[in-house]
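Below are the chains, spelled out letter by letter.
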Amino acid sequence: MFGANFQRKYALTDQGVQNTKKGTFWTVIVNLVVMGGVGILYLVMSGLMETLAGGVLPVALPVLAGLVIFAFLSFLTHLQQYKATYGLVYGEVKATRLRLAERLRKLPLGFFGKRDLADLTETLMGDVNRMEHVWSHVLGYLYGSYISTAVIAVCLLWYDWRLALACLWGVPVAFGLLFGSRKLTERQAEQIKRAAVRVSDGMQEALENVREIRATNQEERYLAGLYRKIDDHERIMIRGELVTGLFVNGASVIMRLGVATTILVGAGLILSGQIDFMLLFLFLMVITRIYAPFDQSLALIAELFVSQVSADRMNALFDTPIAEGAEVFQPQGHDIVFDHVEFAYDKEAVLHDVSFTAKEGEITALVGPSGSGKSTCARLAARLWDITGGTIKVGGVDIATVDPEVLLTDYSMVFQDVVLFDDTVMENIRLGRRGASDAEVMAAARAANCEEFVSKLPQGYQTPIGENGAKLSGGERQRISIARALLKNAPIVLLDEATASLDVENETKVQGALSRLLAGKTVLVIAHRMRTVAGADHIVVLKDGKVAQQGSPQALMAEGGLFRHMVELQSESAQWQLSGARP
Ligand SMILES: Nc1ncnc2c1ncn2[C@@H]1O[C@H](COP(=O)(O)OP(=O)(O)OP(=O)(O)O)[C@@H](O)[C@H]1O
């Protein structure tokens, strides 16, 4: 009952399965104890009837003792049931969120391109919340009710099978109806989930792009679209509730018809002298108790069907293959060698048969028209995605065999889209190397020409910079990113037009810092401006995902072709100097 299928179906951890077993056990005990209460009531009523019929008044003491024991057991078992269901669930929620976060951490970046953030947040928060309710309120109660009712049903059948059948026939019919509606209920749940994700997507997009929306006077049009999504969500939710409500209430009514049939059959049996009234009374009391957990179960089963969508979404994350590899990375030097590399983000190939070597101690520049695959090559060099053909080696080691996290310890990256955290300047730079002292952080900041703007901030290095560095200019953000790279001092540096957002004065200063950062390293520069590559040792010209030319800047200028054409096209070509400053 609680095997591997069960565990996967409800996205439980091993501990979660154990908790469910405990919850089920204590629910069975609680239901049986409650039935014990019904037994005591039956004894009291029988005694009363006998007294009324002129018998001797039964001794009150055993009845009283029975009641006290019942109250005590009832309290104790309810407490245990509570602990085993509600009490343990928070540990399960925490373990599941950590499991999901750990999975996300190891997933290749390509996965994040396919799933939007609102959707992933919904899985981490909404889906786990829904499952929390299922783990605490549904599984133990439901399975416990199945078992205890089976036990009680056997006892009733043994006691009087005719009355037992009369009161229990509705149970399988009601559950049959509900299971028959399963597909429909699940479909509704899926539609509700999709509509909810569309709403959170819309909200997130509106918040992220509020500046663009206002700047282009699109507020009204945008809000109309968002309201439509919210209305859709409401409509789909109401429809879903109606469908579920219809089946749950229908099933409940059918089950309760058992009371009527019990009275009818019981009356017939009393009239024909086969049973006495007290037996019918006992059955009637028992059914009300049996129906109570089942009534709850009917609603719980519907919730279980709906929750399947959430469990499936969580399982889809757990099933996505992660980028794994050896935890040890011992390359011989840090030459990066692309050997007949093929790559596709999705189905369409983006890189075809790309081969080049970025040597240690040299600057290798990737140039080419927009969309030719420069950034893609840089990302692949750090195994941010896995390639679909060929190999990429660093110091002779195939990077596909190395754990991405371990591999990245040898890389510094300065990309255009600098990611900053809502923390102080100091901590944002320290991200380059955890454990770096304040003095080291400040030295790196000075080298990256950050000091001049940091000293103007109200609390200097301790100034919080707002979410994603909202309080900083583009150039300032980029200098923080360079300071991080300087602090990390990794043997491989990936630069994406690192100086693009700097003005001329700052650019000159940062270039000085960069040349210190780059000395002796393996450097791969994504260059958008020809001037940036003036000091490169090796140039790889990409066109439509293929290597169109490669060689030294001098050789390529002499060779003519795309590189020379690009140099000549750019207005900066006037300043083109082969001996110019390094990027
Ligand atoms: N995350 C992604 N998912 C799908 N396709 C992508 C993704 N990133 C880039 N591409 C596609 O891959 C191709 C190469 O893109 P890439 O960003 O590597 O080019 P680039 O030469 O760096 O361009 P640019 O100079 O404009 O930055 C383009 O056709 C682009 O549309």
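Residues numbered from 1 in each chain as written. Predicted model: local features only at pLDDT ≥ 70, side-chain atom pairs only at ≥ 80, totals over all residues.

**What to know about the overall build of the protein chain**
Point 1. The number of helices and strands found in the protein chain is 20 helices and 10 strands.
Point 2. Evaluated residue by residue, the protein chain yields a buried proportion of 34% over its 583 residues.
Point 3. When contacts within the protein chain are restricted to residue pairs at least 6 apart in sequence, those whose partners lie at least 24 apart make up 80%. (Helix = DSSP H or I, 4+ residues; strand = E, 2+ residues; numbered from the N terminus. Buried ≥ 20, exposed ≤ 12 C-beta atoms within 10 Å, placed from the backbone. Contact = placed C-beta atoms within 7 Å.)

**Focus: the site of the ligand**
Point 1. Lining the immediate surroundings of the ligand are 13 residues, of which Tyr345, Ser370, Lys374, Ser375 and Thr376 lie closest.
Point 2. Top contributing element to the shell around the ligand by residue count: helix α12 (residues 374-381), with three residues.
Point 3. Residue composition of the shell around the ligand, by class: two nonpolar, nine polar and two charged. (Near = placed C-beta within 6 Å. Nonpolar A, V, L, I, M, F, W, Y, C, P; charged D, E, K, R; others polar.)

**Let's talk about the sheet that holds strand β7 (residues 492-496)**
Point 1. The six strands lie next to each other as β6-β7-β8-β3-β9-β10, forming an open sheet whose pairing is mixed. Looking at the sheet topology across the chains shown, the edges are occupied by β6 (411-414) and β10 (546-551). Averaged over all pairs of adjacent strands, the angle between strand axes in this sheet comes to 15°, irrespective of strand direction.
Point 2. As paired strands, strand β3 (residues 363-367) and strand β9 (residues 538-543) are joined by four bridges and run parallel to one another. Bridge pairing in β9 links Val367 to Val541.
Point 3. Against the sheet, α12 engages β3, β7, β8 (522-526) and β9, with an angle of about 150° to β8. (Pairing = 2+ DSSP bridges. Axes fitted to C-alpha atoms, helices over the stretch in contact; angles between N-to-C directions.)

**Here we look at helix α8 (residues 182-208)**
Point 1. For α8, which comprises 27 residues, the first-to-last C-alpha distance of 38 Å matches the rise-based estimate of 39 Å (1.5 Å per residue) to within 8%.
Point 2. Along α8, the residues classified as buried are Thr185, Gln188, Ala189, Lys193, Val197 and Gly202. (Expected span 1.5 Å × (residues − 1).)

**Some remarks on the pairing of strand β2 (residues 349-358)**
Point 1. Direction of pairing for strand β1 (residues 336-344) relative to β2: antiparallel, over a ladder of six bridges. The partner of Ala344 across the bridge, within β2, is Ala349.
Point 2. Connecting β1 to the next strand, β2, in antiparallel fashion are four residues.

**What about the UniProt feature "transmembrane region" (unreviewed entry) in the protein chain?**
Point 1. The sites that carry the UniProt feature "transmembrane region" (unreviewed entry) are, in the present numbering, residues 25-44, 56-76, 138-159, 165-184 and 263-287.
Point 2. Here residues 165-184 is 90% helix and 0% strand, with 30 Å between the C-alpha atoms at its ends.
Point 3. Secondary structure across residues 263-287 comprises 80% helix and 0% strand; the distance between its end C-alpha atoms is 11 Å. (UniProt positions renumbered as here; feature names shortened; annotations may be inferred.)

**Quick notes on the sheet that holds strand β4 (residues 389-394)**
Point 1. Overall, antiparallel pairing links the four strands, which are arranged β2-β1-β4-β5 in an open sheet. Every interior strand has two partners, whereas the edge strands, β2 and β5 (397-398), have only one.

**Let's talk about the pairing of β10**
Point 1. Relative to β10, β9 runs antiparallel, the two sharing five bridges. Among the inter-strand pairings, Val541 is bridged to a residue of β10, identified as Gln549.
Point 2. Joining the antiparallel neighbours β9 and β10 is a turn of two residues, in which Asp544 adopts a positive phi near 50°.

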